[in-house]
Amino acid sequence: MSRPSRGLLPLAVAVAALPVLAVPAGSAAAATYGTPTITLSTGYLSGAVGATGDPTVTVTVAQSGAAASALTVAASATTRSSVARTGDVTVTGTTGTRSLSVAARGVGYTDLTVKVTGLGGKTATRTLHYAASAVVQHAADSRYLTGSSDASAAVDAGGGYIVVADDESNVLRLYDRNASGAPVRTWDFGSALGVSKEIDIEAAARVGDTIYWTGSLGNNKDGVIKAERHTVFATTVTGSGASTQLALAGKYTGLRADLIAWDQANGNRYGFAAGAADGQAPKQVDGFNVEGLEFAPDSTTTAYVGFRAPLTPAVTGGRALIVPVTNFPSLPGGSVHATFGAPIELDLGGLSVRDIRRNALGQYVIVAGSWAADDNSDPYALYRWDGRPGSQPVRLLDLPTSDAGGWEAVPDVPDLTAPGARVQLITDDGSADLYGDGVDAKDLTHPEWKKSRSTWFTVN
């Protein structure tokens, strides 16, 4: 019986035991591999300390002669470690498309170097410019809508998506309401509406497949009359969710003048002419500024126009004002003037209307805030109402004011009687110093760093 020779291993075992040798970068074998390529879906990324579901960056890599799975992607912090360190960056995936996320450590800016290493030791890098804002209350229930910081109105588009307006531009943006990140679709209606300046979109309401949008109807912050801000327009909706499309369906520029004429015909009860006069700032207790729009109970023709200013009487602690427009759908694209119902005055604890929304059950939610121009730290509250004249709203909760931004929009209203009902509210962060550098968000150079916050609040 023969015995195996000592010191000899079966061939398969011997091969497996051989060390794996790296291919020197300058060797002939390395020359068979091309230089790797790396691209980022964006060069700028915004996050927040303590955030849930922050936006991510898609990293696309390739190398000729090599499988994508053989490439490694890593990122390192290269500037301010107080904002994010190398260990705070996570890259996932093994294909040619990877996902990069950052867990913010502190507020501010830092640069990250994203590097792909291919076969043959060849590498390529890209720089990702990262900014992080501060931790907020209700962080687990908050998401960030990037690309714009001045959210001013929002409407449900179905399928977990919302259309959001910006009072600093004429662009409407479609967002996934449950995720942080950039809009999935945008529409700029400025040219189609024949305006080159901002409409100052402040309110919206949807009936069926039509969304109505209105400018503030007031002067600009310096009291200068700007005709673009008098615009009311309609958009037709096709599709839903991520497939939503909008098309312009008409405009009207006479509602401001109609309201002033109506008030004058009724003894200047609310002082519209004086509040809208040239030189008058709109965000005064006796100013003229619209920020809410929704349809009356059981109606598709009468719309409630909610005022941020004036309060009535025009003093601190006065009542909020709603004026019913009884032929609202006839205005955009039509040739008629607005007609009005009896005005409605609401006790919102000295606050005014910042947004108003109704559900199919006839339940209304009112976002109430100050009439003041610089009100990020002023009180905000959420009210429930049945939409009936003579019926007063009920305060649901006080909204947090320690975080940056002002509460500005509510996309839709759940059944408020259902256990655990939650309402999503959106902030206007345009005047907020998000990154601790003294720059208002609306003035940031890169759109990816601009953002508004959406937060879910339990109201029952």
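Look up: the structure comes first, before these words.
Given the structure is predicted, the values throughout are model-derived calculations rather than measurements.

### A look at the sheet that holds strand 24 (residues 380-385)
Right, on to step 1. Here we have four strands laid out as an open sheet, ordered 22-23-24-25, and antiparallel in their pairing. On the outer flanks of this sheet lie strand 22 (352-358) and strand 25 (394-399), each paired with one strand and no other. Each strand of the sheet is rotated relative to its neighbour by a mean of 20°, with strand direction disregarded.
Right, on to step 2. Sheet topology note: the strand 23 (residues 364-369)/strand 24 ladder contains six bridges and is antiparallel. Looking at the pairing, Ala-368 lines up with Ala-381 of strand 24.

### Comments concerning the side chain of Arg-143
Right, on to step 1. Mapping Arg-143 onto the fold places it in strand 9 (residues 142-146).
Right, on to step 2. Polar side-chain contacts of Arg-143 include one of 3.2 Å to the backbone oxygen of Asn-178.
Right, on to step 3. Excluding residues within four positions of it along the chain, Arg-143 makes contact with Thr-52, Arg-177, Asn-178, Ala-179, Ser-180, Ser-452, Arg-453 and Ser-454.

### Comments concerning the layout of surface pockets
Right, on to step 1. Of the pockets and cavities examined, the largest pocket occupies roughly 710 Å³.
Right, on to step 2. Contributing to the lining of the largest pocket are 31 residues, with Glu-168, Lys-221, Lys-283, Ser-431 and Lys-442 lying nearest its centre.

### What to know about the sheet that holds strand 11 (residues 161-166)
Right, on to step 1. Ordered by their spatial adjacency, four strands build an open sheet running 10-11-12-13, and the pairing between neighbours is antiparallel. Edge positions in the open sheet fall to strand 10 (151-158) and strand 13 (185-188), since each of these has one partner strand only. Sheet twist, expressed as the mean angle between neighbouring strand axes with direction ignored, is 20°.
Right, on to step 2. In this structure, strand 10 lies alongside strand 11, joined through six bridges in antiparallel fashion. Paired with Ala-154 across the bridge in strand 11 is Val-164.

### A short note on helix 3 (residues 255-265)
Within an α-helix, residues lying three or four positions from one another point in the same direction, as the helix has 3.6 residues per turn.
Right, on to step 1. Those residues of helix 3 that sit buried are Leu-255, Arg-256, Asp-258, Leu-259, Ile-260, Trp-262 and Asp-263.
Right, on to step 2. Along its buried surface, helix 3 packs onto strand 16 (232-238), strand 17 (245-252), helix 4 (272-275), strand 19 (303-309) and strand 20 (320-325).
Right, on to step 3. Immediately downstream of helix 3, the backbone of Gly-267 shows phi near 75°, a positive value.

### Observations regarding the pattern of salt bridges
Right, on to step 1. Going through the model one piece at a time under the given rule, you end up with 19 salt bridges.
Right, on to step 2. Where Asp-412 meets Arg-177, a salt bridge forms, and the shortest distance between an N and an O atom there is 3.0 Å. Note that Asp-412 is positioned in the loop between strand 26 (406-409) and strand 27 (422-428) and Arg-177 in the loop between strand 12 (171-176) and strand 13, a separation of 235 residues in sequence.
Right, on to step 3. On the basis of relative accessible area, Arg-177 is assigned to the buried category, the value being 6%.
Right, on to step 4. Of the charged contacts, one joins Arg-229 and Asp-200 as a salt bridge, the two residues approaching to 3.0 Å between their closest N and O atoms. In this pair, Arg-229 is assigned in the loop between strand 15 (210-215) and strand 16 and Asp-200 in the loop between helix 2 (190-193) and strand 14 (201-207), connecting sequence segments 29 residues apart. As far as the burial class goes, Arg-229 and Asp-200 line up, both buried.
Right, on to step 5. Through salt bridges with shared partners, one network takes in Glu-291, Arg-308, Arg-354 and Glu-408.

### Notes on unusual backbone geometry
Most peptide bonds are trans, and most residues other than glycine sit at a negative phi.
Right, on to step 1. In this model, Ala-309 is joined to Pro-310 through a cis peptide bond whose omega is 10°.
Right, on to step 2. With respect to the secondary-structure elements, Pro-310 resides in the loop between strand 19 and strand 20.
Right, on to step 3. Residue Thr-312 is joined to Pro-313 through a cis peptide bond whose omega torsion reads -10°.
Right, on to step 4. We note that His-138 has phi near 60°; this positive angle belongs to a residue other than glycine.
Right, on to step 5. Mapped onto the fold, His-138 is located in the loop between strand 8 (123-133) and strand 9.
Right, on to step 6. For His-138, a relative accessible area of 37% corresponds to the partly exposed category.

Quick notes on the rules
Residues numbered from 1 in each chain as written. Predicted model: local features only at pLDDT ≥ 70, side-chain atom pairs only at ≥ 80, totals over all residues. Heavy atoms only, no water. Pairing = 2+ DSSP bridges. Helix = DSSP H or I, 4+ residues; strand = E, 2+ residues; numbered from the N terminus. Axes fitted to C-alpha atoms, helices over the stretch in contact; angles between N-to-C directions. Polar contact = N/O pair within 3.5 Å; in protein donor to acceptor, adjacent residues only side chain to side chain. Contact = heavy atoms within 4.5 Å. 1 Å grid on protein atoms, 1.4 Å probe; cavity = no way out; pocket = protein on both sides within 12 Å on 5 of 7 lines; lining within 4 Å. Points joined across faces, edges and corners; volume = space filled by probe spheres on them. Buried < 20%, exposed > 50% of the residue type's maximum accessible area, 1.4 Å probe, protein only. Salt bridge = Lys/Arg side-chain N within 4 Å of Asp/Glu carboxyl O.

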